[in-house]
Amino acid sequence: MTLVDTRTPDPKRLIPGATGDWEVIIGMEVHAQVTSNAKLFSGASTAFGAEPNANVSLVDAAMPGMLPVINEECVKQAIRTGLGLKAQINLKSVFDRKNYFYPDLPQGYQISQYKQPIVGEGIITVSVGPDRQGNFEDIEIGIERLHLEQDAGKSLHDQHATMSYVDLNRSGVALMEIVSKPDLRSSDEARAYLTKLRSILRYLGTCDGNMDEGSMRADVNVSVRRPGEPFGTRCEIKNVNSIRFAGQAIDYEARRQIGILEDGGAIDQETRLFDPNKGETRSMRTKEEAHDYRYFPDPDLLPLEFDQAYVDALAVGLPELPDDKKARLVASLGLSAYDASVLVSEKAVADYFEKVASGRDGKAAANWVINDLLGQLNKTGNAIEETPVSPDQLGGILDLIKEGTISGKIAKDLFEIVWNEGGDPKAIVEKRGMKQVTDTGAIEKAVDEVIAANPDKAEQARAKPTMAGWFVGQVMKATGGKANPQAVNALVKEKLGIAD
Amino acid sequence: MPMNELTKLTIAEARAKLRAREITSAELTDAYLFAIDEANSALNAYVAVTHDRARAMAKASDERLAKGEGGALEGIPLGIKDLFATQGFHTQAGSHILDGFKPRYESTVTANLWADGAVMLGKLNMDEFAMGSSNETSYYGPVVNPWRAKGDNKALVPGGSSGGSAAAVSAWLCAGATATDTGGSIRQPAAFTGTVGIKPTYGRCSRWGIVAFASSLDQAGPIARNVRDAAIMLKSMASVDAKDTTSVDRPVPDYEAALGGSVRGMKIGIPKEYRMDGMPEEIGTLWRQGIAWLKDAGAEIVDISLPHTKYALPAYYIVAPAEASSNLARYDGVRYGLRVPGRDIVDMYERTRAAGFGREVKRRVMIGTYVLSAGYYDAYYVQAQKVRTLIKKDFEDVFAEGIEAILTPATPSAAFGIADQDMSADPVKMYLNDVFTVTVNMAGLPGIAVPAGLDGRGLPLGLQLIGRPFEEETLFRAASVIEKAAGRFEPQKWW
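Everything quoted here is computed from the prediction, not taken from an experiment.

Draft legend 1. Just the overall build of chain B, in detail. A count of helical and extended segments in chain B gives 18 helices and 11 strands. On C-alpha atoms alone, chain B measures out to a radius of gyration of 21 Å, which is about the 23 Å that the 2.2 N^0.38 rule sets for 495 residues. The proportion of buried residues among the 495 residues of chain B is 64%. Counting contacts in chain B only where the partners sit at least 6 residues apart, residues at least 24 apart contribute 77% of the total. Carbon and sulfur atoms form 52% of the exposed surface of chain B, whose accessible area is close to 16,900 Å². Chain B carries 54 positive and 57 negative side-chain charges, and their two centres are separated by 1 Å.

Shown next, in the form of structure tokens:
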């Protein structure tokens, strides 16, 4: 692979060193577990959290004479992902063996794709920001390739005094290795890239993106250079399992490399591990210790071939992806780009929003989802999946506002009640007498009373019409917030003799 | 019927007598078990004899036969090469590293045979992981060829790697045997023992449940006493298999029906490149004799050229070890078979594999690892694959010109002695045994070895017929012409 520099050094992304500015160059290899019921080459289940070695077939355990058979669903998922990354889909690809010995690799080789991957070059548009002015910047990050490969099992070193145990449940589970070009220039960009990639995978339903369950892990390649100079020597940070850690690892690693270079040293190409407890990377193996994997085409598997019609059929069934959804929300619902970005960033949020917005005012729905729902979730530290207020419930609240049954202010209280106690918003409003008072007689009475009780203020208001707001507030207070504010406003002005 | 007459029945003859209820599978099976128990200490053809299993299967066969039911091989006792996984029974590929391994699964080929009513007598000795041409690399010791040179008691090899299969068939220790062929492992031992062996087209038999040696070359086939028996067995062994994606979905023809058909007008190619320097004159004579027989039967003999033949053997000894080095990585002492404890995991691997693999297997794992290594891959493996493509094209070219079968010698010599000085001193000399057979594996074609005569010392020699992909019927037809002309060859019983 020839590395091509696609970016122009941007002063605001440079890292100041003791001897001048440095630019950090980042490339990512993301391992994304394919969402499928069965493994890549066997019928064993991929369910997470099973008893050790419960999901192991004869093939996964590499019993003598066993042969791999490709799981077509995994192939489809890889093609869907490739389409989602706007990438070239290779109609012919080849599975190779990557040979090395380890107890959790029963075959003694991993079946992977080396020279001819199923997916070639693609692109991800990443939004970086917001900056201090609240602006986002869209950058395009190149995808080098995506290939299918088997996951390894897991070695357990803490189960026995002198022995290690091996759990083969993951052995043979399908992974997509998604390799970016070295196009990322800061830890912010790297985090945004991972977030966007995860979002695309979740929209596509090809990977659940749960990094804490190991469904998505990143190998991060980091090097530094003086702006405008050729790429420096890189270090690969293996198996980073959270987006936050990826950012920390990059910042640490860039600083470490800058420190060495500024002291007149040189970077050794090596594989490193990130320690989240210490927030630092440490050497795992040097280039000299690197394996010779002896790749060669797996003779048990014919080349993987399908025609363009096969790809086209999958493209037709592809769901709307975040960028397209964002564009649609802006164009058809009139949302701001910022609001649309917030709503589409997570598929679950977008799904929630679209349910609420269906048949309702999009802007109002967006405001409520972003400010009230997401705000509250953020406060309680819960994910959208854990929301106590369902889209139907929030939609019900919006309907009550629209009908004029409740005011916006009462709606906030209603939201609190639904959040804490649940229930049907409409029934709650009935039961608790939260209905807005639109009966002009009752409002008129309240207005009259407030004016009569405050003759001084009434006098002032006639001279200074903006004072009318005080009367509106008093009337609202007197009616327990249930009066229709527009009606109150009109009546106050009328009674005080203020012209509209 | 006396026991020694029962064991002399061919599969076709036994089949007729079983169906006619003239004999039972139980007595046929007992006759074989008796013969094995009597002979095995001398011949070492079986590494495991499954007496109880054999008798139970025979009893079940007899019950089906009594009801007028039964499959194509109902009640026929067979020997199974140790490379095939047999559920609950010894399956060790002739290796120490698979000590005590009894799989929980049955290979597709043997499952096909049992579904057709065949009876399993036991597991047959073989070169370790099918790597060898003399059966001397087996952890269980060499198989002795039932044939001896005239006036000479010297023990000879039965060929390899399916030496146990060939010796057992030749010595009447089974009615027929399964075998596998990666570079000649069916055809060379068949030639050394006066038996018939066919390696079908790659993909004709499922490889599922066969311990892998070199996946792109391995193919199962039968060794039998005559062409008809080989045809009967292959029909049962062959099938497409969803568990082996390199198996091919084509109907399995009735090979037996092809026998006796005429070869009149059949264009048979004689490749000039198979006249090797230093080849014994007897081999050349035999070849000419085979040509004459086919010509007499009406075949059209055509001189052909397969120009890349000389590169086949070196290329084979790159491709096969490369695949083997990877296929054998799973024997690591972690999950099954032999484990020699060590200080740590790497030490355990090293001790286990050092103790578990024999010299020849280690040699090939090292060759294979070397040719796949960074910096050597392009020079060796990639080159060898290019040669392979050219070899395949050689055959395609002559087939495109109308050639239907190619006649060659099966081996460059007759059986040699066990612990032969020349062979043991020089592995390459041993590898030369496969010189006429490896091209067929490299091209994925079918090839049959059929006995055609005896050499001056009274040892059997075979001829090979190579066919177009999936045209095994042509080979059976041409082979039966040779068989008819040459007659049958049986060893003198000395064991």
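Draft legend 2. Summary view of the overall build of chain A. Along chain A, the regular secondary structure elements total 15 helices and 16 strands. Taken along its principal axes, the extent of the C-alpha atoms in chain A is 95 × 55 × 55 Å. Taking all 500 residues of chain A together, the buried fraction comes to 50%. In chain A, 69% of the contacts between residues at least 6 apart in sequence involve partners at least 24 apart. Summing over all exposed atoms, chain A offers an accessible surface of approximately 23,100 Å²; the carbon and sulfur share of this is 49%. Between the averaged position of the 58 positive side-chain charges in chain A and that of its 74 negative side-chain charges there is a distance of 3 Å.

Draft legend 3. Molecular detail of the environment of Ile89(A). Residue and element names in this part refer to chain A. Mapping Ile 89 onto the fold places it in the loop between α1 (72–84) and β3 (92–93). Distance in space between the C-alpha atoms of Ile 89 and Ile 417 is 51 Å, their sequence separation being 328 residues. In contact with Ile 89, other than residues within four places in its own chain, are Ile 79, Gly 82, Leu 83, Ile 118, Val 119, Phe 306 and Val 311.

Draft legend 4. Broad picture of the packing of α1(A) against helix α2 (residues 187–204) of chain A. All names here are of chain A. It is the contact of α1 with α2, at a shortest axis distance of 10 Å, that shows an interaxial angle of 130°. Here α1 is positioned oblique relative to α2, judged by the angle of their axes. Here the hand of the crossing between α1 and α2 comes out right-handed. Residue-level contacts link Arg 80, Thr 81 and Gly 84 of α1 to Ile 200, Leu 201 and Leu 204 of α2. Of the residues assigned to the contact of α1 with α2, the class counts are 3 nonpolar, 2 polar and 1 charged.

Draft legend 5. A look at unusual backbone geometry. Residue Ser161(B) is reached from Gly160(B) by a cis peptide bond, and omega for that bond is 5°. Locating Ser161(B) in the fold gives a position in the loop between β3 (119–124) and α6 (163–170). Backbone geometry at Asn53(A) places phi at a positive 60°, although glycine is not the residue there. Along the chain, the position of Asn53(A) falls in the loop between β2 (20–33) and α1. Of note in the backbone geometry, Arg294(A) takes a positive phi value of approximately 50° without being a glycine. In this structure, Arg294(A) sits in the loop between β14 (280–286) and β15 (296–297). Given the relative accessible area of 15%, Arg294(A) is considered buried.

Draft legend 6. Molecular detail of the interface of chain B and chain A. Contact residues are listed per partner, giving 38 residues for chain B and 31 residues for chain A. Interface of chain B and chain A: buried area, both sides summed, is about 2,800 Å²; carbon and sulfur atoms make up 59% of it. In terms of surface lost to chain A, no three residues of chain B exceed Tyr105(B), Thr245(B) and Arg330(B), which account for 21% of the buried area on that side. Our enumeration of links across chain B and chain A arrives at 1 salt bridge. The partner of Arg207(B) in a salt bridge is Asp300(A), with the nearest N and O atoms 3.1 Å apart. Where chain B meets chain A, there are 16 residue pairs in polar contact (both at pLDDT 80 or more). The greatest single-element share of the side of chain B that touches chain A, amounting to 4 residues, is contributed by helix α11 (residues 312–327) of chain B. Per-class residue counts for the side of chain B that touches chain A are 19 nonpolar, 9 polar and 10 charged.

Draft legend 7. The sheet that holds β15(A), seen in detail. Residue and element names in this part refer to chain A. Read from one edge to the other, the open sheet built from 3 strands follows the order β5-β4-β15, with strand pairing classed as antiparallel. Looking at strand neighbours, the two that pair on one side only are β5 (109–112) and β15, the edges of this open sheet. By the bridge criterion, 2 bridges tie strand β4 (residues 96–99) to β15 in an arrangement that is antiparallel. Following the sheet pairing, Arg 97 is matched in β15 by Phe 296.

Draft legend 8. Geometry of a nonpolar patch on the surface. A contiguous nonpolar surface patch, about 280 Å² in accessible area, is contributed by Tyr370(B), Tyr376(B) and Tyr380(B). Mapped onto the secondary structure, Tyr370(B) falls in helix α13 (residues 359–372).

Draft legend 9. Summary view of the packing of aromatic side chains. Residues and elements named next belong to chain A. According to the stated counting rule, one finds 30 aromatic pairs over all chains in the structure shown. Here the aromatic rings of Phe 41 and Phe 95 are separated by 5.2 Å at their centres, their planes lie at 80°, and the arrangement is edge-to-face. Taken as a pair, Phe 41 in the loop between β2 and α1 and Phe 95 in the loop between β3 and β4 lie far apart in primary sequence, 54 residues in all. One exposure class covers both Phe 41 and Phe 95, and it is buried. Geometrically, the ring pair formed by Tyr 114 and Tyr 295 is stacked, given 3.7 Å between the ring centres and 0° between the ring planes. In this pair, Tyr 114 is assigned in the loop between β5 and β6 (122–128) and Tyr 295 in the loop between β14 and β15, connecting sequence segments 181 residues apart.

Draft legend 10. Summary view of the side chain of Lys199(B). Residues and elements named next belong to chain B. Tracing the backbone shows Lys 199 in strand β5 (residues 196–199). For Lys 199, which is buried and forms no salt bridge, the nearest opposite charge comes from Asp 181, at a distance of 6.2 Å. A polar atom in the side chain of Lys 199 sits 3.0 Å from the backbone oxygen of Leu 445.

Draft legend 11. Geometry of the environment of Gly481(A). When you line up the elements, Gly481(A) lands in the loop between α14 (468–478) and α15 (485–496). Separated by 73 residues in the primary sequence, Gly481(A) and Gly408(A) place their C-alpha atoms 9.9 Å from one another.

Scoring rules and cut-offs
Residues numbered from 1 in each chain as written. Chains lettered and ligands numbered in written order. Predicted model: local features only at pLDDT ≥ 70, side-chain atom pairs only at ≥ 80, totals over all residues. Heavy atoms only, no water. Helix = DSSP H or I, 4+ residues; strand = E, 2+ residues; numbered from the N terminus. Rg over C-alpha atoms; globule rule 2.2 N^0.38 Å. Buried < 20%, exposed > 50% of the residue type's maximum accessible area, 1.4 Å probe, protein only. Contact = heavy atoms within 4.5 Å. Areas by Shrake-Rupley, 256 points an atom, 1.4 Å probe, with all protein chains shown as cover. Lys, Arg positive; Asp, Glu negative; His and termini not counted. Charge placed at Lys NZ, Arg CZ, Asp CG, Glu CD. Axes fitted to C-alpha atoms, helices over the stretch in contact; angles between N-to-C directions. Parallel < 35°, antiparallel > 145°, perpendicular 65-115°, else oblique. Left-handed = near helix turned anticlockwise from the far one by under 90°. Nonpolar A, V, L, I, M, F, W, Y, C, P; charged D, E, K, R; others polar. Buried area = accessible area lost by both parts, 1.4 Å probe. Salt bridge = Lys/Arg side-chain N within 4 Å of Asp/Glu carboxyl O. Polar contact = N/O pair within 3.5 Å; in protein donor to acceptor, adjacent residues only side chain to side chain. Pairing = 2+ DSSP bridges. Patch = residues over 30% accessible without salt bridge, like charges linked within 9 Å, V, L, I, M, F, W, Y side chains within 5 Å. Phe/Tyr/Trp six-rings, centres within 6.5 Å; stacked < 30°, edge-to-face > 60°.

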